[in-house]
Structure formats: C-alpha cells, structure tokens
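Structural overview for review
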Amino acid sequence: MIRLTSLLRMRAAHTGNAQRASQLRHLHLSDQPLMLLALKQTGPAARPLAIMLGTDPHRPQLLLAPPSGSTTPMLAALADAVTAYINACQRHSEHLPATSNKPARRRYTDAPQILVPNPQTVQHLKDLGDDLRFRSADDQNPDSRAVQRLGHWLTYLTDRADLAGSAALIPMTSFLGMHWISGQSPLEDEDLATLLAWIDPPHHAASGRGAALEAEDPATHRPAGPATDAAFDNDHLAPLFDAHARARRRALGQEQTRTLQELDRLLATYLQPTWDLMWQAYTLLQALPEAKGTARRWDHERTAFTDECLYLAQDGRPRPARDNAVAAAVRLAHMEHAAAAFAAERAADDPFVRAELRTTGEAFGGPVTVIDSERTLRGPSGRTQWRPRLTVSTPDPVPMEPGQLLVCHTYPNARYKICEVTPADGDTLVELEITAGMGTMARPNHAVLPEAGAFLVFTIAPGHYRMPEFPAREQTPWTHGGPPADHPDHSDDRGEEEQ
C-alpha cells in the first residue's frame, strides 16, 4: 500500500467516512449498462442457481435454475437476454478513414458494458464461459447454439476485464475503490454493502463507519454473490430443495411448481438489496466528471468489440481452452502495456494520481525558477534545433537520473529530459530540456514554454511500446506449444493471429 493511500485510509478510519482518492472518473459509464448479479449453488459442481440482470433499475429480470434437472432452459434465457443486449450495440456504426497501417473500416458506435458486484462474480462468469463455449451445438435445438454463443461472449468479456482501463466488464467494488478510500481493510472493501456504506451512508446513519456496521448484519444485507452464505443455505435453500426433490420423486407437478415459485420469491428477496446497491453505486460514479482519456479508451473498447463481432461472423470457432506459450506471452504483453498506458493516462488527467506519484518518487512538482527559451543546439545532421531549457525547484525527492524522459500535465504532448539534478537549500533544482512537442525552428510551438513561477508537476514518460516479436508455433518446441509434425494442432491459430 502506498503512502498516500495509507494516509487516506487512516483519515477515513479517523473521520468515519470514506475519502476521495480521485477527482475524475477514469472508466467510461454507459447510459444503459447491463447490471448482472449471479448466485451459484454450493458444492464442487458450483452450478448456476440464479441470475438477476437488466438495464432498468425498476425492472430486473430473475432467471432461476431448478434445484435438480437441466439448467439449459435457464442458460438459454440468459443467452437470449445477454445476446439481445449485445446485438443492440451493433445497431449503428461509423466510418473510420484509412491510416498508415490500417485500411478504412467501420466501427460500432457502442459496445456492451456489464457491471457486476465484485471480482468473484467475474471469476464465476469466466468459469461459466469456459464451460459453455465448448458445449456441443445441436442443429435441432436452437437453444444449444445460443448457449454456446453465450459462452463465447462471457469469455470475451472476462478476458477484457483483465485489461487495465477496459470498461467492458467491471466489478463495482473495484470501480468504487478506484475513486474512494474507506476506513476498512482492502479485503473488506470487496463487500459491496459495507464499502458503499462508507462512501454513501444513509441519511439516518451518523457516519460511514456506523452504516458499514449495520450493513454487516446478515439478516438485512446478504453477500452479493456468487456464493451464498451458509446460514441462508441451511435455513432457507435446503428445505426448499428437499421439498422439490420429494415432489419430483412422487411426480407431484403442482407441488413442484409451488416450490419453484417459493424459490423464485426467496431469491428475488435475497438479490434485491444488492440490485439496489448496484444502481446506487452507478449513480454515484455517474456524477463524477469524466477524465480526458476515458473517451479514447472507450474508443478502443468499441474497436475491440467490433473486431470480435467480425471474428464471430467470419470464423466463430471457440477460443482454446488454454493458451499455448506464444498466445500466453502475447496476452501478457497486452496486459502489461494496458496497465502502463492506463497508469500514465490517469497521472496525466488526475491531480490526485500525480500527488500519489510524488509520494513514491515517480513524480515531482515545483515552480519554474529559470527558463532559457532561446536556447538552440546543432543536431546530428548539422541543423540547428530549438531546445529550450528550464529549471524547477522542488521540495520532493527526485530519485531520477539525468537522461530520464518526463511528461508534464500542463503540456501533455511535450517531452522533457532531465539534464541535471542539484540539491540546494533543502530543495532540489532540476534542469530540464524540452525534447519534443515544441515544433521546429521554422514553426516553433511557444505554447509548451511555461512562464517563470508556474507550478508544474512532472511524471515519468511512458516508454514507446512496441509489441515484441514472438516465434511462430512451428518454431517453438513441443513443450512450449509447437506440436509434433504428425499431430497438427489448430487450437492456437487464434493466438498467432493476435500477434
């Protein structure tokens, strides 16, 4: 835990109310997200029990799996609901002109966004997607094809959830924790009811801490899933399951129907408080101003969604059960790049994030004391280059070496190189040279020149990212994904395409 986060957590514990950790919202919020709550049955199989979902806070749809028997009808209904939501995102598209490395193409103007209560639900959907996308499709039964397609979309969405900055599938506790720090532990923050109580306590509560204590009462706030609590299982679910099993053995149709109706009411009552909390959290997040980089990241989300729709239309084979070595390395490279890019963009947009980086030595801030705006030098080709220099006096620690490239929140397109770091009278003088973003001698961009006395914050510039070159499948040993020549394996073709 970094220093500023620790300070905010202690302050929250002292005041009894959550503290703001960000001034801006860094993830896109759809006008009509698909809210989804899931419950699973206990036991090794962990089969689905119920799912509540919808885009209208006042009209949730509850899908129920029978205590015994096939879950296909319930999964088919879930597939219909999710697919209808995803299809609605494909109604409109926009034209993108050709660029130096991409031809002209069309992109959907929207993309699906699913909000779930916590990371455990993301893992549950991932497991469900892994199970469903490999189910055999029966041409005589359209439900089986729909369930298989649901598995494909769940896999796509849960894979997107692993990428920092993606807004396709978001756990609400993580979303809230990005913007508020509570006075409880990070593990306790994974409980939506208590975390939200710290952030937005009800009017009758004296503080967030008091509201969180009330939210720990299992009689009024059940776990948000996907696992249910043992007391609920023993006291409520088990008797209904037993009654349904007895009615089924005796072929009592009306008794089975009555039991299922009771189960439906019971689970609706169980999930409704969490459903209301999800929309309360959505309203809180929607009120935050959106950061500049959020729209650009959502553009990438729409591009990824459009590419996935194109893949399904042209190929449609399910993703492999496990990535081979090359595909896994490609995926890891994507995740690392996404995390670095998201961190850099948050720092550029948000003063809270920059303040956090100043406590860790990854940024420093201070007034400009000296500026040499006319400085020039001869480049390697002999041409004269404009290279202004400035000096910043900062009280922050600067554990950086000369040559380090920096960016400044005020002039995001410029780059600054550290020339010298000199301790002086308790502060540190950092001499910087502007190396990019200031134009040329013929067409200088004077906008990047700060005035003397201006307070600037510099963060480490994100390195230029280039996807590493990975070997082709046939060039890797069989222990790392290259199958023997007499056993062709087509399961990793997708991974190679992603390179």
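Residues numbered from 1 in each chain as written. Predicted model: local features only at pLDDT ≥ 70, side-chain atom pairs only at ≥ 80, totals over all residues. Heavy atoms only, no water.

1. Topic: the overall build of the protein
Check the secondary structure of the protein and you find 13 helices and 17 strands. With the principal axes as the frame, the protein shows a C-alpha extent of 95 × 70 × 45 Å. Every one of the 499 residues in the protein was classed for burial, and the buried ones make up 44%. Residue pairs in contact within the protein that sit at least 24 positions apart in sequence constitute 67% of those at least 6 positions apart. Charge centroids of the protein, computed over 49 positive and 61 negative side chains, lie 3 Å from each other. (Helix = DSSP H or I, 4+ residues; strand = E, 2+ residues; numbered from the N terminus. Buried < 20%, exposed > 50% of the residue type's maximum accessible area, 1.4 Å probe, protein only. Contact = heavy atoms within 4.5 Å. Lys, Arg positive; Asp, Glu negative; His and termini not counted. Charge placed at Lys NZ, Arg CZ, Asp CG, Glu CD.)

2. Section: the nonpolar core
Ranked by internal contacts, the top residues of the largest apolar core, which has 86 residues, are L53, M172, L176 and F305. With 12 residues, the top contributor of residues to this core is helix α9 (residues 253-286). Beyond its immediate sequence surroundings of up to four residues, M172 is in contact with L115, V116, P117, N118, L192, M278, A281, Y282 and L285. (Core = buried A, V, L, I, M, F, W, Y, C linked by side-chain atoms within 4.5 Å.)

3. A look at the sheet that holds strand β2 (residues 34-40)
Backbone-to-backbone hydrogen bonds pair the strands of a sheet. The strands run either parallel or antiparallel. Here we have 5 strands laid out as an open sheet, ordered β4-β3-β2-β7-β8, and mixed in their pairing. Two strands close off the open sheet at either side, each with one partner strand: β4 (61-64) and β8 (169-171). Taken over all neighbouring pairs, the strand axes of this sheet differ in orientation by 25° on average, direction set aside. Bridging between β2 and strand β3 (residues 48-54) involves 6 bridges; their strand directions are antiparallel. The partner of A38 across the bridge, within β3, is I51. (Pairing = 2+ DSSP bridges. Axes fitted to C-alpha atoms, helices over the stretch in contact; angles between N-to-C directions.)

4. Quick word on the pairing of strand β17 (residues 455-460)
Two elements, strand β10 (residues 363-372) and β17, share 5 bridges in a ladder whose sense is antiparallel. Residue pairing in the sheet places G366 in a bridge with L456 of β17. Pairing analysis gives 3 bridges linking strand β14 (residues 405-408) to β17, with the strands arranged antiparallel. Bridge assignment links V407 to a residue of β17, and that residue is T459.

5. Description of the sheet that holds strand β13 (residues 389-394)
Taking strand neighbours around the barrel as the criterion, the 6 strands line up as β10-β13-β16-β15-β14-β17 in a closed arrangement whose pairing is antiparallel. Taken over all neighbouring pairs, the strand axes of this sheet differ in orientation by 45° on average, direction set aside.

6. Considerations on helix α2 (residues 72-88)
With 17 residues, α2 ought to run about 24 Å at 1.5 Å a step, and its terminal C-alpha atoms sit 24 Å apart, in line with that. If you check which residues of α2 are buried, you get M74, L75, A76, L78, A79, A81, V82, Y85 and I86. (Expected span 1.5 Å × (residues − 1).)

7. Remarks on the packing of aromatic side chains
Taken as a whole, this structure holds 8 aromatic pairs when the rule is applied. Ring centres of Y416 and F458 lie 5.1 Å apart, and the angle between their planes is 80°; this geometry places the pair in the edge-to-face category. Of this pair, Y416 sits in strand β15 (residues 415-424) while F458 sits in strand β17, and the two are 42 residues apart along the sequence. No difference in accessibility class separates Y416 from F458, as the two residues are buried. Through successive ring pairs, a cluster of aromatic residues spans Y108, W153, Y156 and F305. (Phe/Tyr/Trp six-rings, centres within 6.5 Å; stacked < 30°, edge-to-face > 60°.)

8. Considering the confidence of the model for the protein
With 93% of its residues at a pLDDT of 70 or more, the protein shows a mean pLDDT of 84. This model gives residues 493-499 a pLDDT under 50, and the stretch forms 15 contacts once residues within four places in sequence are excluded. (pLDDT = per-residue confidence, 0-100.)

9. A short note on the pattern of salt bridges
Going through the model one piece at a time under the given rule, you end up with 19 salt bridges. Close ionic contact of E433 with R389 constitutes a salt bridge, the shortest N to O distance being 3.2 Å. Taken together, the residues E433 in strand β16 (residues 427-436) and R389 in strand β13 connect sequence positions 44 residues apart. Note on E433: relative accessible area 6%, which makes it buried. (Salt bridge = Lys/Arg side-chain N within 4 Å of Asp/Glu carboxyl O.)

10. Structural notes on the pairing of β10
Bridge count between β10 and β13: 4 bridges; the pairing is antiparallel. Across the sheet, residue I371 finds its bridge partner in β13, namely L390.

11. Concerning helix α1 (residues 3-15)
With 13 residues, α1 ought to run about 18 Å at 1.5 Å a step, and its terminal C-alpha atoms sit 18 Å apart, in line with that. If you follow the buried residues of α1, they end up packed against β1 (19-20), β9 (180-181), α6 (192-199), α7 (208-215) and α12 (351-360). Positive phi appears at G16, one or two residues downstream of α1, with a value of about 85°.

12. A few points about the side chain of E301
Relative to the elements of secondary structure, E301 occurs in helix α10 (residues 292-314). The class of E301 is buried, set by a relative accessible area of 2%. Setting aside chain neighbours within four positions, we find E301 in contact with A111, Y156, R160, S166, A167 and A168.

13. Thoughts on the environment of F305
In this fold, F305 is placed in helix α10. Taking relative accessible area as the criterion, F305 reaches 0% and is therefore assigned buried. It is 8.7 Å that separates the C-alpha atoms of F305 and R107, two residues lying 198 residues apart in sequence. Setting aside residues up to four positions removed in sequence, F305 forms contacts with I86, C89, Q90, Y108, D110, A111, P112, W153 and Y156.

14. Observations concerning the side chain of S22
Considering the arrangement of structural elements, one finds S22 in the loop between β1 and β2. Of the residues examined, S22 reaches a relative accessible area of 0% and is grouped as buried. In terms of polar contacts, S22 uses its side chain to reach the backbone carbonyl oxygen of L24, at 2.8 Å. Side-chain polar atoms of S22 contact the side chain of D350, separated by 2.4 Å. Sequence-distant contacts of S22, that is, excluding residues within four places in its chain, are made with M178, H179, D350 and F352. (Polar contact = N/O pair within 3.5 Å; in protein donor to acceptor, adjacent residues only side chain to side chain.)

15. Considering the environment of S144
Here S144 is to be found in helix α4 (residues 142-161). Placed 113 residues apart in sequence, S144 and D31 show a C-alpha to C-alpha distance of 31 Å. Once you skip the residues sitting within four places of it in the chain, S144 turns out to touch S136, A137 and D138.

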